[in-house]
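A look at the structure
So you can see what is in the structure, the chains are spelled out below.
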Amino acid sequence: MTSVRPGSGPEVEFDPTLLALTVEEAARRLSVGRTTMYALIREGAVETVPIGRLRRVPVKAISAYLDARMQSRPKSVAA
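These lines cover the structure that appears in this document, whether it is placed above or below. (Residues numbered from 1 in each chain as written. Predicted model: local features only at pLDDT ≥ 70, side-chain atom pairs only at ≥ 80, totals over all residues. Heavy atoms only, no water.)

Brief notes about helix H2 (residues 34-43)
Looking at H2, one finds that the buried residues are Met37, Ala39, Leu40 and Ile41. Looking at the buried residues of H2, the elements they touch are helix H1 (23-30), strand S5 (54-58) and helix H3 (59-72). With its phi angle positive at about 85°, glycine 44 sits one or two positions after the end of H2. (Buried < 20%, exposed > 50% of the residue type's maximum accessible area, 1.4 Å probe, protein only. Helix = DSSP H or I, 4+ residues; strand = E, 2+ residues; numbered from the N terminus. Contact = heavy atoms within 4.5 Å.)

The following block contains the structure:
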């Protein structure tokens, strides 16, 4: 689904019922570029699953990646 706001490019709406995403969709959800997403997958930071000849990123893998990042970085205190 795509909606367009005046004065901006197309804005993609996410389908919350999807369980697995394309690499491009996963990159959009993390607000990173496609190349960065492929690097995260290659490093094993984000898991993927093969479905036939396709490779998909489970939505849970994105959440797990973010949870791991939150645990590994020191808590910052606002001044």
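So, next bit.
Remarks on H3
Compared with the 20 Å implied by 1.5 Å per residue over 14 residues, the 20 Å span of H3 between its first and last C-alpha is a close match. By the burial criterion, the buried members of H3 are Ala61, Ile62 and Tyr65. Angularly, the buried residues of H3 cover 105° about the axis, an arc narrow enough to put them on a single face. Exposed and oriented more than 90 degrees from the buried face of H3 are Lys60, Met70 and Gln71. Considering only its buried residues, H3 is in contact with strand S3 (20-21), H1, H2 and S5. (Expected span 1.5 Å × (residues − 1). Arc of directions from axis to C-beta.)

Let's talk about the packing of H1 against H3
At a closest axis distance of 11 Å, the pairing of H1 and H3 adopts a crossing angle of 35°. The interaxial crossing formed by H1 with H3 has right-handed handedness. Along the contact surface, H1 presents Ala26, Arg29 and Leu30, while H3 presents Val59, Ile62, Tyr65 and Leu66. (Axes fitted to C-alpha atoms, helices over the stretch in contact; angles between N-to-C directions. Left-handed = near helix turned anticlockwise from the far one by under 90°.)

Topic: the nonpolar core
Membership of the largest hydrophobic core comes to 13 residues, with the highest contact counts inside it found for Ala26, Leu30, Met37, Ile41, Val46, Val57 and Ile62. Going through the elements one at a time, H1, H2 and H3 are the ones with two or more residues in this core. The biggest single contributor to this core is H1, with four residues. (Core = buried A, V, L, I, M, F, W, Y, C linked by side-chain atoms within 4.5 Å.)

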